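# Observations on the model geometry
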Amino acid sequence: MPFIQKIEQQITADPNLDHEYQWFLGIEKFNKLAPRLILGEDSPALLGGRAFGSQTLSGNGALRMATEFLVRHLNYKTVYMSNPTWDNHRLVFRYGGFTDLKYYRYWDPATRGVDFTGMLEDLKKAPKNSVIVLHMCAHNPTGCDLTREQWTMVADVLEERNLFPFIDAAYQGFASGDLDKDAWPVRYLVDRGFELFIAQSFSKSMALYSERVGCLTVVLGEGHAQDAINMSSQLVLIARAMYICPPKHGALVVSTILSDPALREECDLCIMYLLRNYRKKCLKIMNDRIQDMRKALNESLVKLGTPGNWDHVLTQLGMFSFLGLTPRQVEYIKKKHHIHMLSNSRANMCGLNDKNVDRVAEAIYDTVV
Ligand code: PLP
């Protein structure tokens, strides 16, 4: 993103920039601003001191840090992930100490959408005090999200069975192009009084993959502000045991962008504010392009008369599409057409462009006929 470069130049030009150790939980300003992006500027949980952020080594680092805490301090043993889920989840949760790794149904190959009945059934059977990992939006790998009504039903089950929601927020802005809209599920759960963890990533939303910028946001219940302070001191120990402190550069970039203009009067307020809005625009541009490619692929498949229904290519959200090809078909399309995707047919929609989309559609046609 072009504005990132501008901010980086500004940061590195600062003669006071140093390479001292940072606080174990990272940059204070970042820890204030990142949770606001998800929980909202006026979040009562943040204002009341019962929610706080802790800078982590991106989304994956937040998942790992939270896992350590859940296992070490709260004695959780069982974690439920969606089936399918992002590959790394299993590894992180296993290495982080969960001994019982389970899945709830999520993908329905017949409808190429969410198997919501299966999901609810599985959650209802989950042992009390299990941790449930939920993707906030733009589910990876399926690209299928729950509706708001479905979220409310999931929340009912979480409440009934005393299950702990662990939210993976790696793609805020990538489902609707609107950061607030995409954060709705989390804000809803917090409004309902849930205690939860959020693993937030800036890899995608600010294209800062290698800088490892993320945040673990902890939300506790009403009246637990003191517990929040106690918890953060335990997170300090976890960070110290793993890496001492997170790196500075990416978090400086992000907190500069997220800065509230009112708090930055001495700096170049207007530019910061404009950049912040510009960032929203960039996200929208990226998101619109992915949508255009989904549309083009769907149209091309339909025009070719490709057997089957291809509506899901259009309706799935985020960067990925679960095409619904069998592993054998995926093998074929890879070998014959050199079009690559995971064996479960998760394809990255960002790889499509005006020049290759028809060729991809023709290859899919050739594969399924
Ligand atoms: N969670 C999900 C669902 C992801 O897809 C990813 C990255 O692809 C991550 C978390 C973690 O990303 P990072 O560690 O780069 O923030």
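What counts and what doesn't
Residues numbered from 1 in each chain as written. Predicted model: local features only at pLDDT ≥ 70, side-chain atom pairs only at ≥ 80, totals over all residues. Helix = DSSP H or I, 4+ residues; strand = E, 2+ residues; numbered from the N terminus. Rg over C-alpha atoms; globule rule 2.2 N^0.38 Å. Contact = placed C-beta atoms within 7 Å. Pairing = 2+ DSSP bridges. Axes fitted to C-alpha atoms, helices over the stretch in contact; angles between N-to-C directions. Expected span 1.5 Å × (residues − 1). Buried ≥ 20, exposed ≤ 12 C-beta atoms within 10 Å, placed from the backbone. Near = placed C-beta within 6 Å. Nonpolar A, V, L, I, M, F, W, Y, C, P; charged D, E, K, R; others polar. Core = buried A, V, L, I, M, F, W, Y, C linked by C-beta atoms within 7 Å. pLDDT = per-residue confidence, 0-100. Parallel < 35°, antiparallel > 145°, perpendicular 65-115°, else oblique. Left-handed = near helix turned anticlockwise from the far one by under 90°.

### Considerations on the overall build of the protein
- Across its full length, the protein carries 15 helices and 11 strands.
- Whereas a compact globule of 369 residues would reach a radius of gyration of roughly 21 Å, the protein reaches 21 Å, a difference of no more than 12%.
- Taking the principal axes of its C-alpha atoms as reference, the protein extends roughly 60 × 50 × 35 Å.
- Taking the intrachain contacts of the protein between residues at least 6 apart in sequence as the baseline, contacts between residues at least 24 apart amount to 74%.

### Quick notes on the sheet that holds strand S8 (residues 196–201)
- Taken in spatial order, the 7 strands make up an open sheet running S1-S9-S8-S7-S6-S2-S3, and their pairing is mixed. Two strands lie at the open edges of the sheet, namely strand S1 (51–57) and strand S3 (100–105), each paired on one side alone. Geometrically, the sheet is characterised by an average inter-axis angle of 25° between neighbouring strands, direction not taken into account.
- Bridge analysis of S8 against strand S9 (residues 213–219) gives 6 bridges, and the strand direction is antiparallel.

### Remarks on helix H4 (residues 58–72)
- Over its 15 residues, H4 runs 21 Å from end to end, which matches the ideal 21 Å to within 8%, given 1.5 Å per residue.
- Taken across its 15 residues, H4 has 13 buried, putting it largely inside the fold.

### A short note on the site of the ligand
- What surrounds the ligand is the set Ser 58, Gly 59, Asn 60, Trp 86, His 135, Asn 140, Asp 168, Ala 170, Ser 201, Ser 203, Tyr 209 and Gly 214.
- Tallying contributions element by element places H4 first for the shell around the ligand, with 3 residues.
- Across the shell around the ligand, the residue classes tally to 3 nonpolar, 8 polar and 1 charged.

### So, unusual backbone geometry
- Asn 83 connects to Pro 84 through a cis peptide bond whose omega is 5°.
- You can see Pro 84 is positioned in the loop between strand S2 (78–83) and helix H5 (88–96).
- Cis rather than trans, the peptide bond between Asn 140 and Pro 141 has omega equal to 20°.
- Summarising the element assignment, Pro 141 is placed in the loop between strand S6 (131–135) and helix H7 (148–160).
- The backbone of Asn 129 shows a phi angle near 65°, a positive value even though the residue is not glycine.
- Examined against the element boundaries, Asn 129 turns out to sit in the loop between helix H6 (116–125) and S6.
- Residue Asn 129 is classed as partly exposed on the basis of its C-beta count, with 14 C-beta atoms lying within 10 Å.
- Unlike most non-glycine residues, His 338 shows phi in positive territory, near 60°.
- You can see His 338 is positioned in the loop between helix H14 (327–337) and strand S11 (346–348).
- The exposed category is assigned to His 338, around which 8 C-beta atoms lie within 10 Å.

### Observations concerning the nonpolar core
- Core analysis: the largest hydrophobic core is formed by 96 residues, its most contacted members being Ala 66, Val 131, Ile 132, Phe 166, Ile 167, Val 186 and Phe 197.
- Those residues in contact with Phe 197 that sit more than four places away from it in its chain are Ala 66, Phe 166, Ile 167, Leu 216 and Val 218.

### Description of the confidence of the model for the protein
- Mean pLDDT over the protein stands at 90; residues scoring 70 or higher make up 93%.
- Across residues 262–275 the pLDDT falls below 50, and counting only partners more than four positions away or on other chains, this stretch makes 11 contacts in the model.
- Two summary scores accompany this predicted model of the complex, namely pTM at 0.82 and ipTM at 0.98.

### A look at the packing of helix H2 (residues 28–39) against helix H11 (residues 249–258)
- In the contact formed by H2 and H11, the axes pass within 9 Å of each other and the chain directions differ by 60°. By the angle class used here, H2 and H11 are oblique. For the pair H2 and H11, the crossing hand works out as left-handed. For the pair H2 and H11, contact is made by Lys 29, Phe 30, Leu 33, Ala 34 and Leu 37 and by Ala 251, Val 254, Ser 255 and Leu 258, respectively.
- Its residues assigned to classes, the contact of H2 with H11 comprises 7 nonpolar, 1 polar and 1 charged.

### Comments concerning the pairing of S8
- By the criterion of burial, S8 is predominantly enclosed, with 6 of the 6 residues buried.
- Side-chain alternation along S8 places Leu 196, Ile 198 and Gln 200 on one buried face and Phe 197, Ala 199 and Ser 201 on a second face that is also buried.
- Relative to S8, strand S7 (residues 164–169) runs parallel, the two being bridged by 4 bridges. Bridge assignment links Phe 166 to a residue of S8, and that residue is Phe 197.

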